[in-house]
Amino acid sequence: MLNRRTLLKGFCSGSALALAQAKPWEFRGDSGLSGNMRIWDQHAHLGSVPGDTPEERMAFLVRCMDRVGVERLILSQGYSADEHPTPDQIRQENDRVMRAVKAFPDRAYGSVYLSPVYLDFSLQEFDRCVRDGPMVSIGEIEAEARSNVRDMDPIAERAVAMNLPILQHEWLKAGGNEPGESTPFDVVELAQRHPRLQIVCAHTGGNWELAIRAIRDAKNVYAGTAGSDPTSGFVEMAVRELGAERVIYGSDVGGRSFASQIAKVEGANVSESDKKLILGGNLRRLLTPILRVKGYKV
Ligand SMILES: [Zn+2]
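Structural notes, computed from the coordinates.

Conventions and cut-offs
- Residues numbered from 1 in each chain as written.
- Predicted model: local features only at pLDDT ≥ 70, side-chain atom pairs only at ≥ 80, totals over all residues.
- Heavy atoms only, no water.
- Core = buried A, V, L, I, M, F, W, Y, C linked by side-chain atoms within 4.5 Å.
- Buried < 20%, exposed > 50% of the residue type's maximum accessible area, 1.4 Å probe, protein only.
- Contact = heavy atoms within 4.5 Å.
- Donors = N, O, S within 2.8 Å, 3.2 Å for Na, K, Ca; no water.
- Helix = DSSP H or I, 4+ residues; strand = E, 2+ residues; numbered from the N terminus.
- Arc of directions from axis to C-beta.
- Pairing = 2+ DSSP bridges.
- Axes fitted to C-alpha atoms, helices over the stretch in contact; angles between N-to-C directions.
- Phe/Tyr/Trp six-rings, centres within 6.5 Å; stacked < 30°, edge-to-face > 60°.
- Salt bridge = Lys/Arg side-chain N within 4 Å of Asp/Glu carboxyl O.

Let's shift gears to the nonpolar core. If you look at the biggest cluster of nonpolar residues, it comprises 74 residues, and the most contacted ones within it are Met58, Leu75 and Ile138. In contact with leucine 75, other than residues within four places in its own chain, are Ala44, His45, Leu46, Met58, Leu61, Val97, Ala100, Val101, Tyr109, Gly110 and Ser111. Leu167, Val200, Ile248 and Leu286 belong to the second largest nonpolar core, which has 6 residues in total.

With that out of the way, let us pick up the coordination of the zinc ion. Coordination of the zinc ion by the protein involves His43 (NE2), His45 (NE2), Glu140 (OE) and Asp252 (OD), with metal-donor separations of 2.0 to 2.4 Å. Read in sequence order, the donor residues coordinating the zinc ion give the pattern H-x1-H-x94-E-x111-D. Here glutamate 140, found in strand 4 (residues 137-141), pairs with aspartate 252, found in the loop between strand 8 (247-248) and helix 9 (258-266); they are 112 residues apart in sequence, far enough to count as distant. The same class applies to glutamate 140 and to aspartate 252, which are both buried.

Of all the residues in helix 7 (residues 208-215), the buried ones are Trp208, Ala211, Ile212, Ala214 and Ile215. For helix 7, the buried positions fall inside an angular range of 160° around the axis, keeping them on one side. The secondary structure elements touched by the buried residues of helix 7 are helix 6 (184-193), strand 6 (199-201), strand 7 (221-224) and helix 8 (234-242).

It is worth spelling out the sheet that holds strand 3 (residues 108-112) at this point. Sheet architecture is open: 8 strands sit in the order 1-2-3-4-5-6-7-8, paired in parallel fashion. Because the sheet does not close on itself, it has two edges, and the strands there are strand 1 (39-44) and strand 8. Summarising the sheet, strand 4 and strand 5 (residues 166-168) pair through 3 bridges and their orientation is parallel. Counterpart to isoleucine 138 in the pairing with strand 5 is isoleucine 166. Helix 4 (residues 119-131) rests against strand 3 and strand 4 of the sheet, and its axis sits at about 165° to strand 3.

Evaluation of the coordinates by the stated rule reveals 3 aromatic pairs. Ring centres 6.1 Å apart and planes at 65° place the aromatic pair tryptophan 40 and tyrosine 109 in the edge-to-face group. One end of the pair, tryptophan 40, is in strand 1; the other, tyrosine 109, is in strand 3, with 69 residues separating them in the sequence. Considering the side-chain rings of tryptophan 208 and phenylalanine 234, the 5.5 Å spacing of their centres and the 10° angle between planes classify their relative orientation as stacked. In this pair, tryptophan 208 is assigned in helix 7 and phenylalanine 234 in helix 8, connecting sequence segments 26 residues apart. One exposure class covers both tryptophan 208 and phenylalanine 234, and it is buried.

This brings us to the pattern of salt bridges. One side chain can pair with another of opposite charge once the charged atoms of both are near each other. According to the stated counting rule, one finds 16 salt bridges in the structure shown. The salt bridge involving glutamate 55 is made with arginine 99; its shortest N-O contact spans 2.9 Å. One end of the pair, glutamate 55, is in helix 2 (residues 54-68); the other, arginine 99, is in helix 3 (residues 87-103), and 44 residues separate them in sequence. When its relative accessible area of 28% is taken as the criterion, glutamate 55 is described as partly exposed. Given a relative accessible area of 42%, arginine 99 falls into the partly exposed group. Among the ionic pairs, aspartate 127 bridges to arginine 131, the shortest N-O distance being 3.6 Å.

Have a look at this one:
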């Protein structure tokens, strides 16, 4: 006979079983996102994360990912606070990223840090880390040269040749950008010279109302959601003007939190299927060719 007690018992054991079988990132606590929402984060760093080694820092990030339901992230730039790294420092940062990814191969992929200021070095570093190494994309490129400079062309050509995306740092700062700091307009210039390139604006200007308009007609430019305050209306406008297929979630951890950045998408007044694309579907689509080449899980 089914009474309240057996029902409760069955329910509890069922829930416990479901919870035990769930992967950590499938448990979303009181989040409004459904359990089958596979969140991939395109924009993550080891900077401002506790830990003495890349492995310790990545372990900390994994604990945070489990709490908020992030399955996988794309890691770049390591953790140096130096804003103008030399080629040796850039190489060291890429090594740190590869160490972190190696320690958690089913939670993170690496993305190579490059600079058009050191073009020859950067092409060698691309070959070392991506062509012959484990990494799966380019960027976040954050350099003292804007993304429209001619020395970005060979880097864009490498991305097209291996069919992988670039993540490009850019802002539209109210007080003016730093010298050499890219704007969304610079990203569009590069994208127009390379129609087969897929390039993501890392921050969509910060001033997203301007940036979304700036990139709207360049169909190979994507709006990244990372690294600005979680203001309402951003994701809604991006979906309306670009289509959900061109909007990509990223957090910019450790400079920002997962929760504040996921909230932009979770709280947006867009459909569940749009949220699926933004939180992971679009990134998996862009990375599928290179993940297959490398033999990684999609
Ligand atoms: Zn960043």
